[in-house]
Amino acid sequence: MAQYYDGTKLLSLNDLDGNKPEIYMCTTNRTGGKTTYWNRFVFKKYLDGYGKFCLVYRFGNELKSVAEKYFKDINTLFFPDYMVKAEPRSDGQFMELYCSNIRDDENTMPRPIGYAVALNNADAVKKNSHLFSDVERMIFDEFQSETNHYCPDEVEKFQSVHISIARGQGKQVRYVPVYMIANPVSIINPYYVAMGISQRLKTETKFLKGHGWVLEQGYVESASIAQKESGFNKAFKNSSYIDYASEAVYLNDSLAFIEKPKGQSRYIGTIKYKNNEYAIREYADLGLLYCDDKPDTTYKYKLCITTQDHDINYIMLKRNEVFVQNMRYFFEKGCFRFKDLNCKEVILKMLSY
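Residues numbered from 1 in each chain as written. Predicted model: local features only at pLDDT ≥ 70, side-chain atom pairs only at ≥ 80, totals over all residues. Heavy atoms only, no water.

Draft legend 1. The arrangement of unusual backbone geometry in detail. The phi angle at Glu142 is positive, at roughly 60 degrees, despite the residue not being glycine. If you trace the backbone, Glu142 turns up in the loop between strand E6 (135–141) and helix H5 (154–165). A positive phi angle is found at Asp153, which is not glycine, with a value near 55 degrees. On the secondary structure map, Asp153 appears in the loop between E6 and H5. (Helix = DSSP H or I, 4+ residues; strand = E, 2+ residues; numbered from the N terminus.)

Draft legend 2. Quick peek at the packing of helix H2 (residues 34–47) against helix H3 (residues 66–77). Axis separation between H2 and H3 bottoms out at 10 Å; the angle between their running directions is 80 degrees. Here H3 runs roughly perpendicular to H2, going by the angle between their axes. Along its contact with H2, which presents Thr36, Asn39, Arg40, Val42 and Phe43, the element H3 presents Tyr70, Phe71, Ile74 and Leu77. Grouping the amino acids of the contact of H2 with H3 by side-chain chemistry returns six nonpolar, two polar and one charged. (Axes fitted to C-alpha atoms, helices over the stretch in contact; angles between N-to-C directions. Parallel < 35°, antiparallel > 145°, perpendicular 65-115°, else oblique. Contact = heavy atoms within 4.5 Å. Nonpolar A, V, L, I, M, F, W, Y, C, P; charged D, E, K, R; others polar.)

Draft legend 3. Seen up close, the packing of aromatic side chains. Under the defined criterion, the tally for this structure stands at 29 aromatic pairs. Taken together, the ring pairs connect Phe43, Tyr46, Phe53, Tyr70, Phe71, Phe78, Phe79 and Tyr82 into an aromatic cluster. Directly above the ring of Tyr50 sits Lys45, whose terminal nitrogen or CZ lies 4.8 Å from the centroid. (Phe/Tyr/Trp six-rings, centres within 6.5 Å; stacked < 30°, edge-to-face > 60°. Lys NZ or Arg CZ within 6 Å of the ring centre and 35° of its normal.)

Draft legend 4. Summary view of the pattern of salt bridges. Here the structure, examined in full by the defined rule, presents 12 salt bridges. A salt bridge links Glu259 to Arg337, with the shortest nitrogen-to-oxygen separation between them at 3.1 Å. One end of the pair, Glu259, is in the loop between helix H9 (240–247) and strand E10 (266–273); the other, Arg337, is in strand E15 (residues 336–338), with 78 residues separating them in the sequence. Residue Arg337 is classed as buried on the basis of its relative accessible area, which comes to 10%. Here Lys339 and Asp293 are joined by a salt bridge, their closest N and O atoms 2.8 Å apart. One end of the pair, Lys339, is in the loop between E15 and helix H11 (341–351); the other, Asp293, is in the loop between strand E12 (288–292) and strand E13 (302–304), with 46 residues separating them in the sequence. For Lys339, a relative accessible area of 36% corresponds to the partly exposed category. (Salt bridge = Lys/Arg side-chain N within 4 Å of Asp/Glu carboxyl O. Buried < 20%, exposed > 50% of the residue type's maximum accessible area, 1.4 Å probe, protein only.)

Draft legend 5. Representation of helix H10 (residues 321–332). Taking 1.5 Å of rise per residue, 12 residues should cover 16 Å, and H10 covers 16 Å from first to last C-alpha, within 8% of that figure. For H10, the set of buried residues is Phe323, Val324, Met327, Arg328 and Phe331. One side of H10 holds all its buried residues, which, seen down the axis, span an arc of 135 degrees. Seen from the open side of H10, the exposed residues pointing more than 90 degrees away from its buried face are Val322 and Tyr329. The positive-phi residue at the C-terminal boundary of H10 is Gly334, with phi of around 75 degrees. (Expected span 1.5 Å × (residues − 1). Arc of directions from axis to C-beta.)

Draft legend 6. How the structure looks around the side chain of Asn101. One can find Asn101 in strand E4 (residues 94–101). At a separation of 3.5 Å, a polar atom in the side chain of Asn101 contacts the side chain of Tyr82. With near-sequence residues (within four places) excluded, Asn101 lies in contact with Asp81, Tyr82 and Arg111. (Polar contact = N/O pair within 3.5 Å; in protein donor to acceptor, adjacent residues only side chain to side chain.)

Draft legend 7. Summary view of the nonpolar core. Core analysis: the largest hydrophobic core is formed by 56 residues, its most contacted members being Met25, Met138, Phe140, Ile165, Met180 and Met350. Considering every element that reaches this core, the biggest residue donor is H11, with six residues. Apart from residues lying up to four places away in sequence, Phe140 is in contact with Val56, Arg58, Leu119, Glu154, Phe158, Val178, Tyr179, Met180, Ile181 and Tyr191. Residues Phe53, Tyr57, Tyr70 and Ala118 belong to the second largest nonpolar core, which totals 33 residues. (Core = buried A, V, L, I, M, F, W, Y, C linked by side-chain atoms within 4.5 Å.)

Structure (structure tokens):
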């Protein structure tokens, strides 16, 4: 039984096309050691002569004390002879990281080892992209937010940051792998939705492959046991958060079943997606919502998910945030049911907006 997370298997995988992935995603229960593993991995790569790295955060205020946040644990465990410090660049919109060895001569200058950037400062990264041409790998920790607090257009900003970094050295595009780390918060997080993972991921999935990416849905048993035996956590043994921390279950999602409820229902609305129409019905006695592909075409409340589906008598989903919030509430409480996987995809797509 492995005591801590090990990313060797994930790193050995090819993507769905048989190519070396550029995105590696890793989720496990909390305190499993995944952040420690990947932080150590990129620092060791630097020491072995394989280039600099870049730490990715969500907001600019997270760049404060970044050297301590990144290096404190691995310093004590693996690199006691080294020190890391950070210097602000571009008026503090990103940071440059340096390291030194305690055995260095006092005249030896600290060596630049990489950068720390914020997605919300994507424009600053773009304007200074020439500085990042020596970055060889990236880490994005906590890519799933526990509080659902993401940047506006976050996935687009993430893409922009990577494009800005993965250039230079005489190449239009360089191979710069990203190691994305998170606890399993929500299967409708922006990254899973954008890459089509939400519709494919199952509870029993250990590894999943896509075009350009691979995903590990891990579970570290020793961490789970330690969490459950904690006196503090025992006091909250019925908490869904403790289940999330110890068992690697999704904090914001209950399993959404593919089954048809029994009883009387009330028609709520019609959803149009990819030029097909879907129905949402409420089973009030059961406290459930149900989606199938048998819409009531006479019902006046009609929504379209994408601009491509926009038509006469349809309202764009983005103008009905209250409706979406209500639907998301039912989903997160495990109160949605679906006729089939296609209907499930429609709801997942709707809730991602």
